[in-house]
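Descriptive analysis of the structure
Chain residues, written in single-letter form:
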Amino acid sequence: MIHPSLTRIGIVEPTLESEAGHCHSFVQSICKARREGDGEITVFAGSRARLPNLEGPGVRVVPYFHRRIRRPEAFFLYRKLLREPGRILVSTAGRADMLSLSLAAGGAIPPGKVFLYLHWVTPTPSKKEFFRKVSGRQPNLVLMGPTGTVAGVFRSCGFRDVRIVPYPITPADPDPAAAGGDFRHVLYAGAARRDKGFPKVVDLVRRLAEAGSELPVAVQASASHYGKFDEGVLAEMDRLREASYPSLRMIPETLGAREYREMFEGAIVLQPYSREDFTDRISGVTLDAFSAGAPIVATSGTWMARSAERFGAGVGIDDPTPEALLRAVEAIRAEYPRYHRSALEAGRALQAEHGARQLLDAVLASTREGR
């Protein structure tokens with residue numbers, strides 16, 4: 001039997017190649033939570049990964065996955081790792097990982113060997129049928145999700161070991177209160193996606209341009225993994241550029257960790273996310289905003305809006321029209337120092353609630369030992 005403190009962990013994250021994006025902050029938070037004696041963590045990342053900030057005592061990064069062949073590569077990696085001592089953590093898991101793992105195992109995966117973190121799931125009938133088949137073939141998979149909604153889907157599909165584990169938050173700067181006490185700009189951060197209300201932000205900028213406003217706005221209109229955009233988003237970006245708003249700063253690329261954090265200084269963060277998609281879905285942008293002391297404007301009925309209400313760290317709006325967004329922004333701007341302090345309080349509380357050590361302990365201290 002392997003003592004939990006000496007268990008090796010292989011973290012599989014095929015899209016991780018730089019400091020940009022939440023897959024980096026997610027993995028970074030886990031690696032930073034490692035303590036002396038925990039055993040070695042090996043991160044299997046994209047083939048072009050150069051991540052010296054992740055590497056350190058007991059942590060190494062292996063550039064491995066190529067975009068076009070990442071699925072067969074995952075199969076062979078899983079087959080190798082399943083036959084070696086240690087545990088496997090798939091930090092952004094999906095159906096393809098479940099299928100590859102099951103095929104690579106050639107039989108039942110041992111208890112406490114494989115841990116899948118599933119950030120979100122849309123429980124369509126076809127997906128639920130797939131999950132039921134996997135749970136029958138691989139009853140020992142450990143599934144982890146950030147909310148009861150996610151966990152409930154997999155429990156209903158027959159998985160035996162399903163756990164609610166908080167979404168790991170990016171470690172905060174040593175003194176986030178030292179910056180960002182004065183309003184600087186309105187910010188849309190993260191990938192440009194329809195379900196995250198990107199068209200609503202475009203509508204707001206166009207309305208500001210029509211009104212001759214000088215309200216400073218920064219929009220990070222970056223793509224999702226591998227440079228892909230949601231359908232229709234490129235047309236929305238054309239609409240944004242055509243607004244010719246002088247006070248708009250467009251940030252088309254994903255950013256490094258330092259530049260990404262700096263965006264939130266003095267910001268009011270717009271999160272007009274879909275209520276249907278984000279009722280109980282956690283946002284890394286919200287966690288990052290609060291950690292930096294940036295209040296948010298969010299769609300009511302979402303996890304983001306409930307978090308803002310809990311700490312007084314933002315405003316929830318029923319319908320994210322340009323008028324409603326602007327009213328909420330101006331309300332926060334009028335009392336920005338107070339909202340900034342409340343956001344910092346939220347950040348400190350969520351840093352404790354969403355500490356990555358909880359996820360790492362779930363893998364290391366499983367009551368059922370992996371090989």
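A few points on the structure. Please read all numbers here as calculations on a predicted model, not as lab measurements.

What follows is about the overall build of the chain. If you tally the helices and strands in the chain, you get 14 helices and 13 strands. On C-alpha atoms alone, the chain measures out to a radius of gyration of 21 Å, which is about the 21 Å that the 2.2 N^0.38 rule sets for 371 residues. Along the first, second and third principal axes, the C-alpha set of the chain runs to 65 × 40 × 35 Å. Across the 371 residues of the chain, 54% fall into the buried class. Long-range contacts, defined here as pairs at least 24 residues apart, represent 74% of the contacts in the chain between residues at least 6 apart. With 50 positive and 42 negative side-chain charges, the chain shows a separation of 8 Å between the mean positions of the two kinds.

To continue, consider the sheet that holds strand 2 (residues 41-46). Within the open sheet, the seven strands sit side by side as 3-2-1-4-5-6-7. Their pairing is parallel. Looking at strand neighbours, the two that pair on one side only are strand 3 (59-65) and strand 7 (161-164), the edges of this open sheet. Ignoring which end each strand starts from, the neighbouring axes of this sheet average 20° apart. In terms of strand pairing, strand 6 (residues 142-145) meets strand 7 through four bridges, oriented parallel. Its bridge partner being in strand 7, Leu143 is matched across the sheet by Val162. Set on the sheet, helix 3 (residues 95-105) makes contact with strand 4 (87-90), strand 5 (114-117) and strand 6; between it and strand 5 the angle comes to about 170°.

Trans is the common state for peptide bonds, and a negative phi is the common state for residues other than glycine. Of note, the phi angle at Ser244 is positive, near 50°, even though the residue is not glycine. Counting through the fold element by element, Ser244 comes out in the loop between helix 7 (233-242) and strand 10 (248-251).

Okay, the pairing of strand 2 next. When you tally the buried positions in strand 2, you get six out of six residues, the bulk of the element. In terms of strand pairing, strand 1 (residues 9-12) meets strand 2 through four bridges, oriented parallel. Across the sheet, Ile9 pairs through a bridge with Ile41, a residue of strand 2. In this sheet, strand 3 lies alongside strand 2 in parallel orientation, the contact comprising six bridges. Note that in strand 3 the partner of Val43 across the bridge is Val61.

Attention shifts here to helix 5 (residues 148-156). Those residues of helix 5 lying buried are Val150, Ala151, Val153 and Phe154. An end-on view of helix 5 places all buried positions within 155° of arc, on one side of the element. Of the surrounding elements, those touching the buried residues of helix 5 are helix 3, helix 4 (125-137), strand 6 and strand 7. Following helix 5 by one or two positions, Gly158 adopts a phi angle in the positive range, close to 100°.

Attention now goes to the packing of aromatic side chains. Per the stated rule, a full pass over the model turns up 12 aromatic pairs. A centroid spacing of 5.9 Å and a plane angle of 70° characterise the contact between Phe130 and Phe131, whose relative ring orientation is edge-to-face. Pairwise contacts between aromatic rings join Phe130, Phe131, Phe154 and Phe159 into one cluster. When the ring centre of Tyr339 is taken as reference, the NZ or CZ atom of Arg338 above it lies at 4.5 Å.

The rules behind the values
- Positions within a chain are numbered from 1, following the residues in the order the chain's sequence is written.
- Reporting of local features is limited, given that this is a predicted model, to residues whose pLDDT is at least 70; pairs of side-chain atoms are given and counted only at 80 or more, and all residues count toward the totals for whole chains, interfaces and linings.
- The basis for every side-chain value is the complete set of heavy atoms in the structure, and neither hydrogens nor water enter the calculation.
- Here a helix means four or more residues in a row that DSSP labels H or I, a strand means two or more in a row labelled E, and each is numbered from the N terminus.
- Here the globule rule reads 2.2 Å times residues to the power 0.38, and the radius of gyration is calculated from C-alpha atoms.
- Burial status follows relative accessibility: with a 1.4 Å probe on protein chains alone, a residue under 20% of its type maximum counts as buried, one over 50% as exposed, and anything between as partly exposed.
- Note on contacts: a residue pair is in contact if any heavy atoms of the two residues lie within 4.5 Å.
- As used throughout, the charge tally considers Lys and Arg to be positive and Asp and Glu to be negative, leaving His and the chain termini uncounted.
- Where a charge lies is defined by one atom per residue type, namely NZ (Lys), CZ (Arg), CG (Asp) and CD (Glu).
- Note: two strands are recorded as paired if DSSP finds a minimum of 2 bridges between them.
- The convention used is that axes are lines fitted to C-alpha atoms, helices contributing only their stretch in contact, and that angles between N-to-C directions extend from 0 to 180 degrees.
- Taking the helix axis as origin, the arc is that swept by the directions to the C-beta atoms.
- The criterion for an aromatic pair is that two Phe, Tyr or Trp rings (for Trp, the six-membered ring) have centres within 6.5 Å, with stacked assigned to planes under 30 degrees apart, edge-to-face to planes over 60 apart and tilted to the rest.
- We call a charge positioned above a ring when the Lys NZ or Arg CZ atom is no farther than 6 Å from the ring centre and deviates by at most 35 degrees from the ring normal.

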